[in-house]
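Breakdown of the fold
Below are the chains, spelled out letter by letter.
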Amino acid sequence: MPNQQGELRLGVIGTGCIGMEHIRNALLLPSVRVVAIADPHEPSRQTALAELQHAGVREVVALERDAEMLQLSGVDAVLVCTPNDTHHAVMRQVLASGKHCLVEKPLCTLISHCAETVALARQPGGFGGTAPLLWCGMEYRYIPAIARLIQEADQGLIGDLRMLSIREHRFPFLKKVGNWNRTNERTGGTLVEKCVHFFDLMRRILRSEPRRIFASGGQEVNHKSVDSDVLDSAYVIVDFQSGARAMLELCMFAEASKHQEEVSLVGTRGKLEAFAPSHGTKQDDESEVNFRRCLRSSKFIAEYEERARPPADLECGT
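Here's a quick rundown of the structure.

Reading guide: rules and limits
- Residues numbered from 1 in each chain as written.
- Predicted model: local features only at pLDDT ≥ 70, side-chain atom pairs only at ≥ 80, totals over all residues.
- Heavy atoms only, no water.
- Helix = DSSP H or I, 4+ residues; strand = E, 2+ residues; numbered from the N terminus.
- Rg over C-alpha atoms; globule rule 2.2 N^0.38 Å.
- Buried < 20%, exposed > 50% of the residue type's maximum accessible area, 1.4 Å probe, protein only.
- 1 Å grid on protein atoms, 1.4 Å probe; cavity = no way out; pocket = protein on both sides within 12 Å on 5 of 7 lines; lining within 4 Å.
- Points joined across faces, edges and corners; volume = space filled by probe spheres on them.
- Nonpolar A, V, L, I, M, F, W, Y, C, P; charged D, E, K, R; others polar.
- Axes fitted to C-alpha atoms, helices over the stretch in contact; angles between N-to-C directions.
- Parallel < 35°, antiparallel > 145°, perpendicular 65-115°, else oblique.
- Contact = heavy atoms within 4.5 Å.
- Pairing = 2+ DSSP bridges.
- Disulfide = S-S within 2.5 Å.
- Polar contact = N/O pair within 3.5 Å; in protein donor to acceptor, adjacent residues only side chain to side chain.

Moving on to the overall build of the protein. Looking only at helices and strands, the protein features 10 helices and 12 strands. Since a compact globule built from 318 residues should have a radius of gyration of about 20 Å, the 21 Å found for the protein is in line with a globular shape. In terms of principal-axis extent, the alpha carbons of the protein reach across some 65 × 45 × 35 Å. Scored against the burial criterion, the 318 residues of the protein give a buried share of 45%.

In structure tokens, the structure reads:
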């Protein structure tokens with residue numbers, strides 16, 4: 001993928017919240033250079049330009065339309081960080097350009113669109129007559145604690161894998177441009193927009209495919225004052241072909257938690273647990289083992305609808 005100078009020239013399509021995360025990460029890699037950005041939202045473009053210029057990156061092409069970026073010969077690979085419902089159309093253009101691509105999850109919001117995108121990616125073309133690389137970003141696999149859990153499970157240290165439980169207790173969806181992330185139509189629904197990470201982990205960890213799914217969820221607390229229909233809580237149980245079972249527990253009004261994600265894997269010979277950090281510092285009751293009381297911040301509850309950034313530690317509760 002790098003050019004003859006050993007440098008990967010990167011274009012970023014969509015410079016909102018997640019696009020900015022990718023730009024910041026790219027700036028940490030000495031062999032990667034962000035050479036172009038594209039976003040129809042002027043404030044988002046300007047924020048990205050300011051971030052790049054602050055990092056000393058001066059020669060960046062800033063465009064309104066991603067189609068213009070895909071015509072640039074000086075772009076080797078692109079990151080697609082646009083709203084979910086735009087992925088299908090954007091990916092058709094990206095794959096036709098022959099450029100390598102990392103697309104943010106979910107790949108698309110409809111199964112038929114996913115199948116079409118994968119089929120296009122497998123067609124010969126692009127660099128040297130070979131199909132360009134396409135990767136849908138599933139970064140939860142690489143959280144250090146979860147990566148170790150996967151490694152030890154693969155090594156068979158706990159025997160045959162029988163039960164997997166994933167719990168995410170977190171803050172509500174952040175404010176995005178036009179509130180695009182607050183409707184099922186644009187996101188594919190919470191279980192697609194957010195929880196695709198966990199269904200990916202289930203398949204990766206258990207190394208099996210689902211055969212039966214049960215689910216129950218609702219909009220209990222969040223975003224009721226705005227035009228929103230996305231779930232804020234759910235339980236999902238998945239039976240796998242291997243005989244293993246997995247469960248997801250999601251709550252998006254529980255930012256007052258010690259860990260945002262907890263993964264528990266039980267095999268015939270033992271148990272592995274992985275924890276991801278929370279956004280807040282909590283108080284433990286040392287008088288009673290394994291008991292923790294976490295109360296939400298009333299100030300955060302009153303303000304979360306307009307929040308565009310995760311809460312600071314002291315805003316999460318006690």
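So, about the layout of surface pockets. Size it by volume and the second largest pocket reaches roughly 750 Å³. Forming the walls of the second largest pocket are 24 residues, and the residues nearest its centre are M138, V196, F199, D200 and R203. Those elements that place two or more of their residues in the lining of the second largest pocket are helix 5 (111–121), strand 6 (134–136), helix 8 (190–193), helix 9 (196–206), strand 8 (210–218) and strand 9 (233–240). Looking at the lining of the second largest pocket, the element that brings in the most residues is helix 9, giving 5 residues. Among the residues making up the lining of the second largest pocket, the classes are represented as 21 nonpolar, 1 polar and 2 charged.

Here the focus is the packing of helix 4 (residues 87–97) against helix 5. Direction vectors running N to C along helix 4 and helix 5 enclose 5°, while the axes themselves pass 10 Å from each other. Comparing the axis directions of helix 4 and helix 5 gives the class roughly parallel. Here H88, M91, R92 and L95 of helix 4 come into contact with helix 5, specifically with H113, E116, T117, L120 and A121. Grouping the constituent residues of the contact of helix 4 with helix 5 by class yields 4 nonpolar, 3 polar and 2 charged.

Turning next to the sheet that holds strand 2 (residues 32–38). The strands that make up a sheet are held in pairs by hydrogen bonds between backbone atoms, and each pair lies either parallel or antiparallel. Strand order in the open sheet formed by 6 strands is 3-2-1-4-5-6, with parallel pairing between adjacent strands. At either margin of the open sheet sits one strand with a lone partner, and together these are strand 3 (61–63) and strand 6. Taken over all neighbouring pairs, the strand axes of this sheet differ in orientation by 20° on average, direction set aside. Here 3 bridges tie strand 2 to strand 3, and the two strands are oriented parallel to one another. In the strand pairing of strand 3, A36 is matched with V61. Running over the sheet, helix 4 touches strand 1 (8–13), strand 4 (77–80), strand 5 (100–103) and strand 6 and is turned about 175° from strand 4.

Let's shift gears to the environment of A131. Tracing the backbone through its elements, the reader meets A131 in the loop between helix 5 and strand 6. A relative accessible area of 29% means that A131 is categorised as partly exposed. Spatially, the C-alpha atoms of A131 and A302 are 50 Å apart, while their sequence positions differ by 171 residues.

Right, let's talk about empty space enclosed by the protein for a bit. Applying the stated criterion across every chain yields a total of 2 cavities of 30 Å³ or more. When its volume is computed, the second largest cavity comes out at roughly 30 Å³. Lining the second largest cavity, in full, are F171, P172, F173, L174, F300, Y304 and R307. Residue composition of the lining of the second largest cavity, grouped by class: 6 nonpolar, no polar and 1 charged.

Enumeration according to the criterion identifies 0 disulfides in this entry. No disulfide involves C136; its nearest neighbouring cysteine sulfur is the one of C114, lying 7.9 Å away. No disulfide involves C251; its sulfur sits 11 Å from that of C195, the nearest cysteine.

Counting buried positions along strand 1 gives 5 out of 6 residues, so the element sits mostly inside the fold. Where strand 1 meets strand 2, 6 bridges bridge the pair, whose relative direction is parallel. Directly across from R9, in strand 2, lies its bridge partner R33. Sheet analysis places strand 1 next to strand 4, joined by 4 bridges and oriented parallel. Along strand 4, the bridge assignment pairs G11 with V78.

A separate point is the pairing of strand 9. Of all 8 residues that make up strand 9, 6 are buried, and the element is covered over most of its length. Pairing between strand 9 and strand 10 (residues 245–251): 7 bridges, direction antiparallel. The partner of A234 across the bridge, within strand 10, is L250.

Let us now look at the side chain of K194. Relative to the helices and strands, K194 resides in the loop between helix 8 and helix 9. Relative accessible area serves as the criterion here: at 5%, K194 is assigned to the buried category. In this structure the side chain of K194 is engaged in a polar contact, spanning 3.2 Å, whose partner is the side chain of E168. In contact with K194, other than residues within four places in its own chain, are K105, Y140, E168, R170 and F173.

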